[in-house]
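# Architecture and fold: a report
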Amino acid sequence: MARYGLIIDISRCTGCYACVVACKSENSTRPDVSWIRIQEDEEGEYPQVSRRYVPLLCMQCGEMPCAQACPSEAIRMGAGGIVHIEPDKCFCHEAHPCVEACPFEVLQVNQGKKSYFPDDPASLEKEACEAHRDGVVEKCTLCSHRIVTGQAPACVQACPTRAMIFGDRDDPNSALSQLIAGGRVRDLRPELKLNPSVLYVQT
Amino acid sequence: MAEKNDLEKIYTYCIHCAALCGVVAYLRNGRLVKVEGDPDSLRNAGTLCPKGLAAIQEIYHPERLKYPMKRTNPKGDDDPGWVRITWDEALDTIVTHMQAIKKRYGPEAFFFQKGSTGGSSGSEWYSFFNRLVNIYGSPNFGGTGHICCYTRSCPGLPLTLGTRRKQPVIVYEKSDCIMIVGFNILHTRPNVARKVLDAKARGAKLIVVDPLLSPTASKADIWLGLRPGTDLALFLAMHQVIVQEALYDADFLRDWTNAPFLVRDDNGLFLRAADGKGYLVWDEETGAPVAADPWLPSAVKPALRGSYRVNNTGCRPAWQLFCDLVEPCTPGWAQKITWVPEDRIREVTHLFAATKPASVDWYNGLMRNSNTFYTAVALALLPVVTGNWDVPGGLTYGDRFKLGDVKGDHFLPRDWVEKSLVAMTGLNVTAYNKQQVGPMSLVSEAILTDKPYPIKGMLSLASGVGTSNPNSKKMTEAIRRLDFCAMGDFWKTPAMDMADIVLPCATPWESEYVNYNPPYLMHRRPIVPPRHESWPDLKIIFELARRLGYGEMFWDGDMQKAFNHLLHPFGVSVDDLDAQPRGVYISPPQPQYRKYAQKDKQTGKPKGVDTPTGRIEIYSETLKTLGHDPLPHWREPEPGPFSTPELFREFPFMLSFTPRPMHWIHGQFRIVPWLRQCQPAPLAWVNPRTAAPLGIQEGDPIVVETPRRDGTLQGYIRIKAHLTEALHPQAIGIPYGWWQGCEALGLTECGSLDGSTNVNDLIDDYFRDPVSGTIGMGSYPCRIRKE
C-alpha cells in the first residue's frame, strides 16, 4: 500500500501562486472554486514584523472529518490514501456538512459561473470547466490522475522555489519519509489529531 | 482528463520574464490543452510560474484585439469610432505617415516605443525593431530601462566598474552573504529564487533593503525597512563603518582601484606625471611620487591616506577623499535619515564586511529616486572595498554568448545619434545609451513644446506607453497631440483611445524566434497559429520594412534567413535547432574571475577594467569633468520630506511602490482571470497606526491624492486599503500597473487618469536625478482619506 502525501516547506514558500494557477490549469476548476489557497500570516509591528505564506489544500486526513459528516457516504479513503469524493453520491443541496466539518476550509461547492470564457468556441476550457457539475463538493485530489502516470501533483511540479515535496509515506526511502524522519515536519493543527498526509516544515 | 499520450507535445519556452523557462505545450487536435514547465529542462526542471501556466487563458482570451482598426472620430472624442480595416490599409497608412513626417520634420520627429519583456513577443524582437528605426534614421527608440534596469547595466556603474555592455553576475551558489536592495527577487526571478533559498538553507546570510516587507524581505535574516529613497545614506554609513574600523581590503584598493591616485586639491582632477603619461601615486617607502601606468612596480607601496605636495601642487589620494566624504556619514547620522537604528547599521556592516565572499544584488527599486545614480555607485562600491569584486560568490560581471547582430547601428548616421532627445537634454554619455530616449518625459515634453525639436509621430508596440511612465496625464495629452500614432498590443490599452491605427499583435505563444537560453539554443515555434487576424510583432516589422523600401536590408522579408543570421555565431541553422525538441545544447561560458588581473597578450600587463584609468574608479574624473560629483555624495531624494517640505505639509505621507508579485509582469495580464484571481484588486498598504486615526479599516475604499511640483493637485486614485505592519506609518505602499479590467470576473476597467487605480497618474515628472535623469517617484508626497 502507498500513502501519498506532501510536505510544504514554509521557509521556502514565497506566496507566488504558481501552485494555485497550476491547479487551475491541471484540473480546470470552475471560476469560483480553487482547491488550494494561500494564507498570509503577519506578526509583529514595523520594523519587527514577519510574514509567512501557508498554502492550504486538502490535508488528506486519515481521520476524514469530512467523511464523518457526509450524510450519503460520498467520501471515502481511496487508493494511495487519497480522500476521494464520489460526485455521483454527493447529493446535498442547501447545507454541505462536509464543507463545514473541514477545519482547513478547503472543500468547495461547484457553483456560480460554469467557465471563464463561456462564449469562446475555440477554447477547450469551457468543456473542461463544465465537467465540474453544479452543486457537487470538490477538493484537491492530490492529482491522483497524475500520480498513476508517475508524475507529481501539478502544484508540486510547478512550485518555483521547490517548497513542496511529494512522496509516499509508506516508502521509508522516499524524500517525504526521510524529511519526516528528520524531525522538522509538523502537522498544521496537531491538536485536532486528524492524521493528515499533508505536513509542513514550519519556520 | 485524457491520457498524455493522446496529446501532441510541443517544446518551447516562456518569455514572460527573464527566467526563460522551458515549457511543454500539450495540444489536442491543434487546440491547446495546457502548458507545463518542461520537467527535463535544465533551466527550470518542470517548475513554471503563474504567468506561463496561464498561457491558455492568454491565447484564448475573448477580449483580445482581433483585427486592425482605424479611428473615424476626432481625437479627444469619447468614442474613437473604431472601424475594422485590412492589414494592407493599416500598414500603408503607417508607412505614408512615417514618410511624410520624415520629409517634413526629419526622422527624429518619429518616435518608436517598445514595451518590456513579455509584451507581445517579449524583448526578443527588439533588435529587429531597432534595425527598422536605425534604417529609418530616428535616434528616438524608447523603452522601459529608465524605470527598470539602468542601475544594473547602462549608466553610472560602467563608469565606476568598467562594465559597459556587461551584466552583473551574482553566483548565489557560492556567496555566503547577499545584500538584496529594492529587488523582490524571489518573485521576479523565479530561476534565481531557488538559488537564493538554497543559499540561505546552507547558511548564507540574506540581508534585504526595502522600504516594504516584500516577499523577499520576509525571508531575510535581516530586513532593513528604511525610509524610501534613502538607500544612499545607508550605504554611505556602511562605508563609514568600513573605513573607520579598517574593514576594507587595502591591497585590493591599492592594486586594482584608483584609490591611491593623487587628486589635485585645486581642480579635483588627477595629478599626472610630468610627461603627461600616467597617473601619480605617493610611494610610502620612498616618500616620493611615482607614476602608475596604471600599474605599479611591486616595490611601490602607494599611500591611500594623507595630504601631499608634488611640485607645489597640493594633492590627496582618491581614497582619502572618499574617506573624507564618508567620515561624517556615521550610523547615527544615517539613523536620522533612514529610520534604521544605528546599531542595526553597524550589525549589517559587520556581517557584510566580515563574510567572504559577500555580494550585493539590486533592481528597479533603485530606479525610482532623484539620487539613483550615486545610490547605485555607493552600493556597487561595497563589494569593491571589501575585496568581493570579481571573485566567486562576490559581485562580478560577465559576458554571454551573443546572437548575431541585427540592430544595424551602422545605418544610423552619427549626427543623428547626437540629436537624440537624451543627448540634447544633457543626459549624454554617462547616463544612457544615446539611442534610448531615457526618461519618457523627454518625449512627452518634446511633443507638447516642440523642444528640443518636434515629435510628430509614434509607433508603439507592446507598450502601455500611456500608463507605464510617471505623469500619465501629460503622456496621454502628448499622445493626443501627435499628428499620427499607431499602437499594437493584444488588448486595448488606455492610450489607444488617442491612436489613429490599432494593430492586433500575436502573443509570444503564437510567434517564433530563436534565442540562446543557456544551455539551449532554441527555435521557439508557435504552439498555435495567431488567433483572429493578429500578427507577430516581427511580421509587422518585416512588412513595414518591405513597404518602406528596406526589404534588401531585411533579408528580403525572409525571416528564416534573418534567424540564420542571428544563429551564425553558433555555426548552426534553424533546421539544426528544429531537429531536436529543445534545440541545440551549448554549454554556457564558464564564469571567469579576477578578469582584471589577466595579462594582456600584447603588453604583458594586466587587462584592468574598461574605465579611463584602467582601474575600478572609486573617484570618477569623468563625472567631475562633466560637472557632477566625482564621489557618491549624499543627496536627499526629491521630492521628499526634507528636500521639499512645503509639499509634505498638506501631503504628509510618502508614497512608495509595493513589490511586484510573480503573477504580474509590470502592467500586463490583469485581464487574465487565473492571474487576476491571485490578486483581484490593487491594494494600498497602510500601517494600522496610520489607518486608525483616519477611520480606515481593512478593505475600505480610500482616495490617494498627490501634488504637482507647485503644490496643486496632480491626481488621485481610488483603491482599497490593506492594513499591514510591512511598512513605516509614514509610508503608503501602492502597486503599479493597475488599470485593466477582467470581464470574465465581472471587473470593469477603471481608466488611467483621475479616479483610476493607475499610480503613474499620481506622479509629477518634474523631479529628476541630475546625472541619470531618473524620475523621483519613490518617496512621493501623498495624502489619504476614507472614501
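Model, not experiment: these values are computed from the prediction.

Of regular secondary structure, chain A possesses seven helices and ten strands. Since a compact globule built from 203 residues should have a radius of gyration of about 17 Å, the 17 Å found for chain A is in line with a globular shape. Counting the 203 residues in chain A, one finds 56% classified as buried. The contacts in chain A between residues at least 6 apart in sequence include a share of 62% that link residues at least 24 apart. For chain A, the computed accessible surface area is about 8800 Å², with 51% contributed by carbon and sulfur atoms. Of the charged side chains in chain A, 21 are positive and 27 negative; the average position of the first set lies 4 Å away from that of the second.

Turning our eyes to something else, we now look at the overall build of chain B. Scanning chain B from terminus to terminus reveals 24 helices and 30 strands. Here chain B has a C-alpha radius of gyration of 27 Å; the compact-globule value for 787 residues is 28 Å, and the two agree. Across its three principal axes, chain B shows a C-alpha extent of roughly 80 × 70 × 60 Å. Relative to its 787 residues, chain B shows a buried fraction of 65%. Here the analysis covers contacts within chain B between residues at least 6 apart in sequence; of these, 72% occur between residues at least 24 apart. In the structure as shown, chain B presents an accessible area of about 27000 Å², 50% of it carried by carbon and sulfur atoms. Across chain B, the centroid of the 87 positively charged side chains sits 1 Å from that of the 85 negatively charged ones.

Moving on, we get to helix α4 (residues 126-136) of chain B. All names here are of chain B. In terms of burial, α4 is largely enclosed, as eleven of its eleven residues are buried. For α4, the set of buried residues is Tyr126, Ser127, Phe128, Phe129, Asn130, Arg131, Leu132, Val133, Asn134, Ile135 and Tyr136. Taken from the residues just after α4, glycine 137 is the one with a positive phi, measuring 105°.

Let us now look at the side chain of glutamine 57 of chain B. For glutamine 57 of chain B, the position within the fold is in helix α2 (residues 55-59). Glutamine 57 of chain B sits in the buried class, given a relative accessible area of 1%. Apart from the residues within four sequence positions on either side, glutamine 57 of chain B is in contact with Tyr116, Phe117 and Glu125 of chain A together with Val672, Pro673 and Trp674 of chain B.

What follows covers the environment of leucine 192 of chain A. Residue and element names in this part refer to chain A. Among the secondary structure elements, leucine 192 is positioned in the loop between β9 (185-186) and β10 (198-201). Under the relative-accessibility criterion, leucine 192 is labelled partly exposed at 31%. C-alpha of leucine 192 to C-alpha of proline 118: the two residues are 74 residues apart in sequence and 42 Å apart in space.

This next bit is on the nonpolar core. One finds Tyr200 of chain A together with Leu32, Phe128, Phe129 and Phe554 of chain B to be the most contacted residues of the largest nonpolar core, which totals 145 residues. Counting residues in hydrophobic clusters, the runner-up holds 105 residues, among them Phe270, Phe322, Trp389 and Ile616 of chain B.

For any two helices packed against each other, one specifies the inter-axial angle together with the distance between the axes. Residues and elements named next belong to chain B. Axis separation between helix α8 (residues 231-244) and helix α11 (residues 331-338) bottoms out at 9 Å; the angle between their running directions is 170°. Put simply, α8 runs roughly antiparallel to α11. From α8, Ala233, Leu234, Leu236, Ala237, Gln240 and Val241 reach across to α11, where they touch Pro331, Trp333, Ala334, Ile337 and Thr338. For the contact of α8 with α11, a count of residues per class yields nine nonpolar, two polar and no charged.

A few words now on the sheet that holds strand β5 (residues 83-84) of chain B. To summarise the sheet geometry, strands pair through backbone hydrogen bonds and adopt either a parallel or an antiparallel arrangement. All names here are of chain B. If you trace the seven strands from one edge of the open sheet to the other, you get β5-β4-β21-β20-β19-β6-β7, paired in mixed fashion. Two strands close off the open sheet at either side, each with one partner strand: β5 and β7 (141-142). Looking at chain direction, strand β6 (residues 110-114) and strand β19 (residues 457-461) are connected through five bridges and run parallel. Across the sheet, phenylalanine 111 pairs through a bridge with methionine 458, a residue of β19.

Residues and elements named next belong to chain A. The strand order across the open sheet built from four strands is β8-β1-β10-β9, with neighbouring strands paired in mixed fashion. Each edge of the open sheet is held by one strand with a lone partner, namely β8 (164-168) and β9. Inspection of the sheet shows strand β1 (residues 4-9) paired to β8 by five bridges, in the antiparallel sense. Within β8, the residue paired with isoleucine 8 across the bridge is methionine 164. Lying on the sheet, helix α7 (residues 175-182) is in contact with β1, β8, β9 and β10; it crosses β8 at an angle near 105°.

Attention now moves to the side chain of serine 359 of chain B. All names here are of chain B. Relative to the assigned elements, serine 359 resides in strand β17 (residues 358-362). By relative accessible area, serine 359 is classed as buried at 0%. In terms of polar contacts, serine 359 uses its side chain to reach the backbone carbonyl oxygen of glycine 394, at 3.3 Å. Every residue in contact with serine 359, bar those within four places of it in the chain, is listed here: Ile170, Ser175, Cys177, Ile178, Met179, Phe352, Gly393, Gly394 and Leu395.

Bringing the pairing of strand β16 (residues 313-317) of chain B into the picture now. Here β16 of chain B lies mainly inside the structure; four of its five residues are buried. Following strand β15 (residues 308-310) of chain B, the chain reverses through two residues before pairing antiparallel with β16 of chain B; asparagine 311 of chain B in that reversal takes a positive phi of roughly 50°.

With 58 residues of chain B in contact, the opposing surface of chain A contributes 44 residues. For the pair chain B and chain A, the summed buried area comes to about 4100 Å², and 56% of that belongs to carbon and sulfur atoms. Considering only the surface of chain B that becomes buried against chain A, Arg31, Trp674 and Glu725 of chain B emerge as the three largest contributors, covering 15% of it. Between the two partners, chain B and chain A, sit three salt bridges. The salt bridge involving arginine 12 of chain A is made with aspartate 198 of chain B; its shortest N-O contact spans 2.8 Å. Summed over the shared surface of chain B and chain A, the result is 22 residue pairs in polar contact (both at pLDDT 80 or more). Listing elements by their share of the side of chain B that touches chain A, those giving two or more residues are β3 (31-37), α1 (50-53), α6 (185-188), α7 (190-201) and α23 (673-676) of chain B. Looking at the side of chain B that touches chain A element by element, the count peaks at seven residues for β3 of chain B. Considering only residue class, the side of chain B that touches chain A consists of 32 nonpolar, 15 polar and eleven charged.

Glancing now at the packing of aromatic side chains. Residues and elements named next belong to chain B. Tallying each qualifying case throughout the model produces 40 aromatic pairs over all chains. On the numbers, 4.7 Å between centres and 55° between planes, the contact of tryptophan 256 with tyrosine 596 is tilted. A residue pair is termed long-range when its members are at least 10 positions apart, and tryptophan 256 in helix α9 (residues 250-256) and tyrosine 596 in the loop between β24 (584-585) and α21 (621-625) qualify at 340 residues. When sorted by exposure, tryptophan 256 lands in the same class as tyrosine 596, which is buried. Chaining the aromatic ring pairs together yields one cluster made of Phe110, Phe112, Trp125, Tyr126, Phe129, Tyr136 and Phe141. The ring of tryptophan 82 carries arginine 71 above its face, with NZ or CZ at 5.8 Å from the centroid.

Residues and elements named next belong to chain B. Counted by the stated rule, this structure contains 54 salt bridges over all chains. The partner of arginine 202 in a salt bridge is aspartate 176, with the nearest N and O atoms 3.0 Å apart. Of the two residues, arginine 202 is situated in the loop between α7 and β10 (205-209) and aspartate 176 in the loop between β8 (167-170) and β9 (177-181); the sequence distance between them amounts to 26 residues. Relative accessible area serves as the criterion here: at 30%, aspartate 176 is assigned to the partly exposed category. The partner of glutamate 445 in a salt bridge is lysine 474, with the nearest N and O atoms 2.8 Å apart. Residue glutamate 445 is found in helix α16 (residues 441-449), and its partner lysine 474 is found in helix α17 (residues 472-481); the two are separated by 29 residues along the sequence. Looking at glutamate 445, the relative accessible area reads 25%, which means it is partly exposed. For lysine 474, a relative accessible area of 18% corresponds to the buried category.

Before going further, it helps to spend a moment on the packing of α8 of chain B against helix α12 (residues 342-354) of chain B. Residues and elements named next belong to chain B. Where α8 meets α12, the axes come as close as 9 Å, and the angle between the chain directions of the two elements is 65°. Between α8 and α12 lies a crossing whose hand is right-handed. Contact residues: α8 offers Leu234, Ala237, Met238, Val241 and Ile242, while α12 offers Ile345, Arg346, Val348, Thr349, His350, Phe352 and Ala353.

Looking now at the state of the cysteines. All names here are of chain A. One pass over the full model with this rule turns up zero disulfides over all chains. Note on cysteine 140: no disulfide assigned, nearest cysteine sulfur contributed by cysteine 58 at a separation of 5.9 Å. On the basis of relative accessible area, cysteine 140 is assigned to the buried category, the value being 9%.

Next up on the list: the confidence of the model for chain B. Taken residue by residue, chain B gives an average pLDDT of 93. The fraction at 70 or more is 96%. Scoring of the predicted complex yields 0.96 for pTM and 0.98 for ipTM.

Let us now look at α17 of chain B. Among the residues of α17 of chain B, those classed as buried are Ser472, Lys474, Met475, Thr476, Ala478 and Ile479 of chain B. Along its buried surface, α17 of chain B packs onto α16, β19 and β20 (484-489) of chain B.

Cut-off values and rules
Residues numbered from 1 in each chain as written. Chains lettered and ligands numbered in written order. Predicted model: local features only at pLDDT ≥ 70, side-chain atom pairs only at ≥ 80, totals over all residues. Heavy atoms only, no water. Helix = DSSP H or I, 4+ residues; strand = E, 2+ residues; numbered from the N terminus. Rg over C-alpha atoms; globule rule 2.2 N^0.38 Å. Buried < 20%, exposed > 50% of the residue type's maximum accessible area, 1.4 Å probe, protein only. Contact = heavy atoms within 4.5 Å. Areas by Shrake-Rupley, 256 points an atom, 1.4 Å probe, with all protein chains shown as cover. Lys, Arg positive; Asp, Glu negative; His and termini not counted. Charge placed at Lys NZ, Arg CZ, Asp CG, Glu CD. Core = buried A, V, L, I, M, F, W, Y, C linked by side-chain atoms within 4.5 Å. Axes fitted to C-alpha atoms, helices over the stretch in contact; angles between N-to-C directions. Parallel < 35°, antiparallel > 145°, perpendicular 65-115°, else oblique. Nonpolar A, V, L, I, M, F, W, Y, C, P; charged D, E, K, R; others polar. Pairing = 2+ DSSP bridges. Polar contact = N/O pair within 3.5 Å; in protein donor to acceptor, adjacent residues only side chain to side chain. Buried area = accessible area lost by both parts, 1.4 Å probe. Salt bridge = Lys/Arg side-chain N within 4 Å of Asp/Glu carboxyl O. Phe/Tyr/Trp six-rings, centres within 6.5 Å; stacked < 30°, edge-to-face > 60°. Lys NZ or Arg CZ within 6 Å of the ring centre and 35° of its normal. Left-handed = near helix turned anticlockwise from the far one by under 90°. Disulfide = S-S within 2.5 Å. pLDDT = per-residue confidence, 0-100.

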